Amino acid sequence: MREHSGLLTDLYELTMAAGYVQTHFDGRATFELFVRHLPPHRNYLVAAGLEQALEFLENVRFSADEIDYLRRHRVFRNIREEFFSYLATFRFTGDVWAMPEGTLVFPGEPMLRVTAPIVEGQIMETYLLATLSYQTMIASKAARVVTAAAGKQIVDFGARRAHGSQASLFAARAASIGGCQGTSNVLAGQQFGMDTYGTQAHSWVMAHENEAEAFRNFLRVFPEDSVLLLDTYDVRRATKEIISMGRKPAGVRLDSGDLAKDSRWVRRELDRAGWEDVKVFASGDLDETKIAALLAKGAAIDAFGVGTALATPGDAPHLNLIYKLVEVERGGALREAAKLTRAKATYPGRKQVYRYAAPNGEFKNDAIVLEGEPENGGEPLLIEVMRGGRRLESPEPVSAQRGRCLAGIARLPQRYRQISRTAAYPVRYSKLLKASLEKVRQRVRRVAVK
């Protein structure tokens, strides 16, 4: 599979594209990507995935064999050659405005805005939704886990639980944006400049004649970085064995059992040995609720490895992210567009989002407005990131995106940071935006009765 294949889209995107080309519908369109509602147990989302989206937009192409495949497809049997010729030279030439990765996002707020020839904007829908939806979902979950850890280190252990190798790579990246301090995924470390962490598996201990031999050999190979696994057989016996050897590891890991009780006992024994700097690391089907409960019980844990709950978050396995047309320009005439059905209505026109803060620096509320409306003291969240199909800035380090996320969460009032209950952050639509929606509604009614 080609990484930047134009076929990475839904069939109906290509049928619409063929229809636009064959009917010579030469409009320039603006689409916006946003979420209607937050998943359960979420007070906010964390924007992520923009870098991969922009990389795709810069490099998407249709190869000769992909175009031949479409020629043979039964759906395109009546499509003229001009469409296939168009695909042969296809390039994305549009402009993109977006919230920087790590920005906190709330319902209705466009995370990304695309203005391009309508065929280009239409074909890109599927990839943009998939890419931003997945990474935003993971980053948002990671932010909850990091909040629950209350300053303790969180490491992404999700590579083996993700739905495929590519998913594991981008889950690690998104988890870092959401606040995780590292990952077990070595390729993610190499590609995204992330810190990588690892201990040892139970198989290492079981492969040796006894635990003492397993610990000694690992310490011999990794004298400064060994994190020894305590719970293969018996936590207390293993801890005493390590201490009696007199060779201090960097850390020890608990992966099962009563983590709160065992961690307190292990911490006490390590401190008695004068090993106050040896970290206690915990893993084993952890999530934000379990971590919060462990800390409430006084668990003596310095760092947590979280896998399944990050890479495949069961409580919110998807986002209802959508990509909607908001305006079309044809022949110099601009027409705003909106969906008007009661359950899924959308607002027309290019938008900006302003974030307002209280005098103490805490975020107070957001406003979704038409592009060009005055800021009135708010911070604009959408910035131009691509013009004419080319990125305007070099990729940001993941560490900068993580810093943006953590700084944003720190500025949220406490009621929106809680992981145990939900609270709706105030987001309002401007009067001009509401009036624009009403104009579209009236126009549609007039056309319908003609």
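Quick note: structure is the one above.
Predicted, not measured: the structure shown is a model, and the values here were computed from it. (Residues numbered from 1 in each chain as written. Predicted model: local features only at pLDDT ≥ 70, side-chain atom pairs only at ≥ 80, totals over all residues. Heavy atoms only, no water.)

## Topic: the overall build of the chain
Let me state the cut-off plainly: In this text, helices come from DSSP runs of H or I with a minimum length of four residues, and strands from runs of E with a minimum of two, each type numbered from the N-terminal end. Partly exposed describes any residue whose relative accessible area lies between the buried limit of under 20% and the exposed limit of over 50%, with all areas from a 1.4 Å probe on protein chains only and scaled to the type maximum. Contacts are assigned to residue pairs with any non-hydrogen atoms lying within 4.5 Å of each other. Here the open area of atoms and residues is found with the Shrake-Rupley method and a 1.4 Å probe, where only the protein chains shown may cover a residue.
Looking only at helices and strands, one finds 17 helices and 19 strands in the chain. Oriented by its inertia axes, the alpha-carbon framework of the chain measures out at about 90 × 55 × 35 Å. Within the span of the chain, comprising 450 residues, buried residues form 51% of the whole. Once local pairs closer than 6 in sequence are excluded, the contacts in the chain between residues at least 24 apart make up 74%. Total accessible area on the chain is roughly 20,800 Å²; 51% of this is exposed by carbon and sulfur atoms.

## Observations regarding the side chain of Arg355
Inclusion rule: N or O atoms within 3.5 Å of each other form a polar contact, as long as, within protein, one can give a hydrogen and the other can take it, and as long as residues adjacent in sequence are counted only when both atoms are side-chain atoms.
Its location among the elements puts Arg355 in strand E14 (residues 351–357). Among the polar contacts made by the side chain of Arg355, one reaches the side chain of Asp366 at a distance of 2.8 Å. In this view, Arg355 contacts Thr103, Leu104, Val105, Phe106, Glu109, Phe363, Asn365, Asp366, Gly378, Glu379, Leu381 and Tyr425; residues no more than four positions away in its chain are not counted.

## With respect to helix H4 (residues 81–88)
Since the α-helix packs 3.6 residues into each turn, any two residues three or four apart lie on the same face. Selection criterion: This arc describes the spread of directions from the helix axis toward the C-beta atoms.
Listing the buried residues of H4 in full gives Phe83, Phe84 and Leu87. The buried residues of H4 occupy an angular sector of 95° when projected down its axis, which confines them to one face. Those residues of H4 that are buried are in contact with helix H1 (11–22) and helix H3 (64–72).

## Here's the deal with the sheet that holds strand E15 (residues 363–370)
The criterion, for reference: The rule for pairing is simple: two strands pair if DSSP sees at least two bridges between them.
Taken in spatial order, the four strands line up as E16-E14-E15-E19 in an open sheet, and their pairing is mixed. Each edge of the open sheet carries a strand with a single partner, namely strand E16 (379–380) and strand E19 (427–429). Relative to E16, E14 runs antiparallel, the two being bridged by two bridges. By the bridge assignment for E16, Tyr354 is matched with Pro380.

## Some points on the side chain of Lys351
Take Lys351: it is sitting in strand E14. Since its relative accessible area comes to 4%, Lys351 is described here as buried. For Lys351, the side chain forms a polar contact with the side chain of Glu32, separated by 2.7 Å. Sequence-distant contacts of Lys351, that is, excluding residues within four places in its chain, are made with Glu32, Pro110, Arg113, Val326, Ile368, Val369, Leu370, Glu371, Leu382 and Leu433.

## What about the packing of helix H7 (residues 165–177) against helix H15 (residues 398–410)?
Rules: All axes here are fitted lines through C-alpha atoms, helices being fitted over the stretch that makes contact, and every angle between N-to-C directions spans 0 to 180 degrees. Should an angle lie under 35 degrees it is considered roughly parallel, over 145 roughly antiparallel, and from 65 to 115 roughly perpendicular; all remaining angles are considered oblique. Residues were grouped as follows: Ala, Val, Leu, Ile, Met, Phe, Trp, Tyr, Cys and Pro as nonpolar; Asp, Glu, Lys and Arg as charged; and all remaining residues, including Gly, as polar.
Taken N-terminus to C-terminus, the directions of H7 and H15 make an angle of 45°; their axes are 7 Å apart at the nearest point. With respect to their mutual orientation, H7 and H15 come out oblique. In contact with Arg173, Ser176 and Ile177 of H7, H15 contributes Val398, Gln401, Arg402 and Cys405. Looking at side-chain class alone, the contact of H7 with H15 contains three nonpolar, two polar and two charged residues.

## Thoughts on the packing of helix H6 (residues 125–149) against helix H13 (residues 288–296)
One can describe the packing of H6 onto H13 by two numbers: an axis separation of 8 Å at closest approach and a directional angle of 5°. Here H6 is positioned roughly parallel relative to H13, judged by the angle of their axes. Facing H6, whose interface residues are Lys141, Arg144, Val145, Ala148 and Ala149, H13 presents Glu288, Ile291, Ala292 and Leu295. Across the contact of H6 with H13, the residue classes break down as six nonpolar, no polar and three charged.

## A short note on the pairing of strand E9 (residues 251–254)
For clarity, the cut-off: The path from the first strand over the helix to the second decides the hand: if it runs clockwise while the strands point away from the viewer, the crossover is right-handed.
On E9, burial covers both faces: Gly251 and Arg253 on one face and Val252 and Leu254 on the other are all buried. As defined by bridge partners, strand E8 (residues 227–229) adjoins E9 across three bridges and the pair is classed as parallel. When the sheet's bridge partners are listed, Leu228 is paired in E9 with Val252. For the crossover from E8 across helix H11 (residues 235–245) to E9, the handedness is right-handed. Tracing the backbone out of E9, into helix H12 (residues 259–272) and back to the parallel element strand E10 (residues 279–282) gives a crossover that is right-handed.

## With respect to the pattern of salt bridges
Keep this limit in mind: Put simply, a salt bridge is a Lys or Arg side-chain nitrogen that is within 4 Å of an Asp or Glu carboxyl oxygen.
Inspection of every chain in the model, using the stated rule, returns 26 salt bridges. Note that Asp95 and Arg28 form a salt bridge whose closest N and O atoms lie 3.4 Å from each other. A residue pair is termed long-range when its members are at least 10 positions apart, and Asp95 in strand E3 (residues 95–98) and Arg28 in strand E1 (residues 28–35) qualify at 67 residues. A salt bridge links Arg253 to Asp255, with the nearest nitrogen and oxygen atoms 3.4 Å apart. Residues participating in the shared-partner salt-bridge network are Arg42, Lys141, Arg144, Glu288 and Asp315.

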